[in-house]
Amino acid sequence: MAELQEVQITEEKPLLPGQTPEAAKEAELAARILLDQGQTHSVETPYGSVTFTVYGTPKPKRPAILTYHDVGLNYKSCFQPLFQFGDMQEIIQNFVRVHVDAPGMEEGAAVFPLGYQYPSLDQLADMIPCILQYLNFSTIIGVGVGAGAYILSRYALNHPDTVEGLVLINIDPNAKGWMDWAAHKLTGLTSSISEMILGHLFSQEELSGNSELIQKYRNIITHAPNLDNIELYWNSYNNRRDLNFERGGDITLKCPVMLVVGDQAPHEDAVVSREFWGEGGELGFKGKLTEAFKYFLQGMGYMASSCMTRLSRSRTASLTSAASIDGNRSRSRTLSQSSESGTLSSGPPGHTMEVSC
């Protein structure tokens, strides 16, 4: 009897019953296109419904990148210019992304009824666990701008075990003082909501220049069909509580933190808006931020093979040093000779990067 030989055939992508190879390719292409366009979901929380959009697929043993936008914007107008930047593609290929829209800020959102009680920033932070539970994600790296940076910081204080790192752009961790409150009330008597929000998003110098970018965002906010909703988010931001960060104190962020501030402005007025939302060149803000983000991720143990691209070697050498986790230091500096902010601290085992653009 002839000797029988066992042959094992492994099919990498088994076809469904009755499915042709051509149909399988078409289905795979459709799935890829769907992932590239993002999948939008809504979940109910104790403080109302929240909408978010997921791009990519979860990577084993890697956190999701979760973003939260500023007042007057949604996830598209706030983050698309950055995440569509060429050098960011290496990052987004390695992480699934979750872009959160604050309630009523998503495209096509209905206007809330008169008298609707909009969530506070603390309550907006408390919505995030419902998102992660829905997606079955255990940890995140948060990227927030302005009000979104505050929300993610509050979430990280309440749920430190679920946050591996934070990128905070233009954060103001302090509540408004009496002088700020009075100035805000006086401004409200002479300025429209859209102009006040523009004053939050852009510097006075940028507003005076009235560039094409300023005109674009003035038109977007002024004619937004959900302007009443935007005003509610704006009011919640202005009524925020102090985060009560104290350098070396008990209330600190336990994760690595990357702070992004303006190079020519004091911390509380630091604005990086023009470069962030504009068409900045290869060596502009988006190039610096992307490079800094890569090394920040490397300091956390991810993307070890990422290569430096845009920044000069002198700057990246400084950045690499600042991003490394050094047990003898609780904070580092990067890319800058800007002044100390003195307001945000991440105690051990976290570390802090400051990127000045």
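Residues numbered from 1 in each chain as written. Predicted model: local features only at pLDDT ≥ 70, side-chain atom pairs only at ≥ 80, totals over all residues. Heavy atoms only, no water.

## Overview of the overall build of the protein
And step 1. Tallying secondary structure elements over the protein gives 14 helices and eight strands in all.
And step 2. Expressed as a percentage of its 357 residues, the buried residues of the protein come to 48%.
And step 3. A sequence separation of at least 24 residues applies to 71% of the contacts in the protein between residues at least 6 apart.
And step 4. When the accessible area of the protein is evaluated, it comes to approximately 18,300 Å², of which 51% is carbon and sulfur surface. (Helix = DSSP H or I, 4+ residues; strand = E, 2+ residues; numbered from the N terminus. Buried < 20%, exposed > 50% of the residue type's maximum accessible area, 1.4 Å probe, protein only. Contact = heavy atoms within 4.5 Å. Areas by Shrake-Rupley, 256 points an atom, 1.4 Å probe, with all protein chains shown as cover.)

## A few points about helix 10 (residues 212-222)
And step 1. Turning to helix 10, its buried residues number three or more, namely Leu213, Ile214, Tyr217 and Ile221. Buried positions in helix 10, seen along its axis, are confined to an arc of 100 degrees and lie on one side of it. (Arc of directions from axis to C-beta.)

## Section: the pairing of strand 3 (residues 64-68)
And step 1. Here strand 3 lies mainly inside the structure; five of its five residues are buried.
And step 2. With burial as the criterion, each face of strand 3 is covered, one bearing Ala64, Leu66 and Tyr68 and the other bearing Ile65 and Thr67.
And step 3. Strand direction decides the pairing type here: strand 3 and strand 5 (residues 140-145), joined by five bridges, are parallel. Counterpart to threonine 67 in the pairing with strand 5 is valine 143.
And step 4. In terms of strand pairing, strand 3 meets strand 4 (residues 97-101) through four bridges, oriented parallel. Opposite tyrosine 68, over in strand 4, you have valine 100 as the bridge partner. (Pairing = 2+ DSSP bridges.)

## Structural notes on the environment of arginine 218
And step 1. Following the sequence through the fold, arginine 218 ends up in helix 10.
And step 2. The exposure class of arginine 218 is partly exposed, given its relative accessible area of 23%.
And step 3. Measuring from C-alpha to C-alpha, the distance between arginine 218 and leucine 198 comes to 7.0 Å, with 20 residues separating the pair along the chain.
And step 4. Discounting chain neighbours no more than four positions away, the residues touching arginine 218 are Glu195, Leu198, Leu207 and Asn210.
And step 5. A polar side-chain atom of arginine 218 sits 2.8 Å from a polar atom in the side chain of glutamate 195. (Polar contact = N/O pair within 3.5 Å; in protein donor to acceptor, adjacent residues only side chain to side chain.)

## Here we look at the nonpolar core
Within soluble globular proteins, side chains that are nonpolar tend to cluster in buried spots.
And step 1. In this structure, Tyr68, Val98, Tyr233 and Phe293 are the most contacted members of the largest nonpolar core, which totals 85 residues.
And step 2. Here this core gets seven residues from one element, more than from any other, and that element is helix 6 (residues 147-158). (Core = buried A, V, L, I, M, F, W, Y, C linked by side-chain atoms within 4.5 Å.)

## Some points on the pairing of strand 5
And step 1. Most of strand 5 sits out of view: six of its six residues are buried.
And step 2. The two faces of strand 5 match: Ile140, Gly142 and Gly144 on one face and Ile141, Val143 and Val145 on the other face are all buried.
And step 3. Here strand 5 pairs with strand 6 (residues 163-169) via six bridges, running parallel. Residue pairing across strands places valine 143 opposite valine 167, the latter belonging to strand 6.

## Side note on the environment of threonine 57
And step 1. Note that threonine 57 resides in the loop between strand 2 (48-55) and strand 3.
And step 2. The exposure class assigned to threonine 57 is partly exposed, which follows from its relative accessible area of 37%.
And step 3. Each C-alpha atom of the pair threonine 57 and valine 96 lies 5.3 Å from the other, and the pair is 39 residues apart in sequence.

## Quick look at the pattern of salt bridges
And step 1. On inspection of all chains with the given rule, the structure shows six salt bridges.
And step 2. The partner of glutamate 90 in a salt bridge is lysine 294, with the nearest N and O atoms 3.0 Å apart. Here lysine 294 lies in helix 13 (residues 285-299) and glutamate 90 lies in helix 3 (residues 89-92), a separation of 204 residues in the sequence.
And step 3. For glutamate 90, a relative accessible area of 28% gives the class partly exposed. (Salt bridge = Lys/Arg side-chain N within 4 Å of Asp/Glu carboxyl O.)

## A few points about the packing of aromatic side chains
And step 1. For the structure on display, the rule yields ten aromatic pairs.
And step 2. Grouping aromatic residues by their ring pairs yields a cluster made of Phe112, Tyr116, Tyr118 and Tyr233.
And step 3. The ring centre of phenylalanine 95 lies 5.4 Å from the NZ or CZ of arginine 62, which sits over that ring.
And step 4. Lying over the aromatic face of tyrosine 237, arginine 240 brings its terminal NZ or CZ to 4.1 Å of the ring centre. (Phe/Tyr/Trp six-rings, centres within 6.5 Å; stacked < 30°, edge-to-face > 60°. Lys NZ or Arg CZ within 6 Å of the ring centre and 35° of its normal.)

## Some words on the confidence of the model for the protein
And step 1. When pLDDT is averaged along the protein, the result is 76, and 63% of the positions lie at 70 or above.
And step 2. The secondary-structure element of the protein with the lowest mean pLDDT is helix 14 (residues 313-323), recorded at 41, while helix 4 (residues 121-125) shows the highest, at 98.
And step 3. Confidence over residues 277-283 falls short of pLDDT 50; this stretch has 18 contacts with residues more than four positions distant or in other chains.
And step 4. Note that residues 345-349 has pLDDT below 50 and, in this model, 17 contacts with residues that lie over four places away or in other chains. (pLDDT = per-residue confidence, 0-100.)

## Observations regarding the packing of helix 8 (residues 193-201) against helix 11 (residues 227-238)
And step 1. For the pair helix 8 and helix 11, the least separation of the axes is 11 Å and the interaxial angle reads 50 degrees. When the axes of helix 8 and helix 11 are compared, the pair comes out oblique. Viewed along their axes, helix 8 and helix 11 form a crossing whose handedness is left-handed. Across the interface between the two elements, Ile193, Met196, Ile197 and His200 of helix 8 pack against Ile230, Glu231, Trp234 and Tyr237 of helix 11.
And step 2. The residue makeup of the contact of helix 8 with helix 11, split by class, is six nonpolar, one polar and one charged. (Axes fitted to C-alpha atoms, helices over the stretch in contact; angles between N-to-C directions. Parallel < 35°, antiparallel > 145°, perpendicular 65-115°, else oblique. Left-handed = near helix turned anticlockwise from the far one by under 90°. Nonpolar A, V, L, I, M, F, W, Y, C, P; charged D, E, K, R; others polar.)

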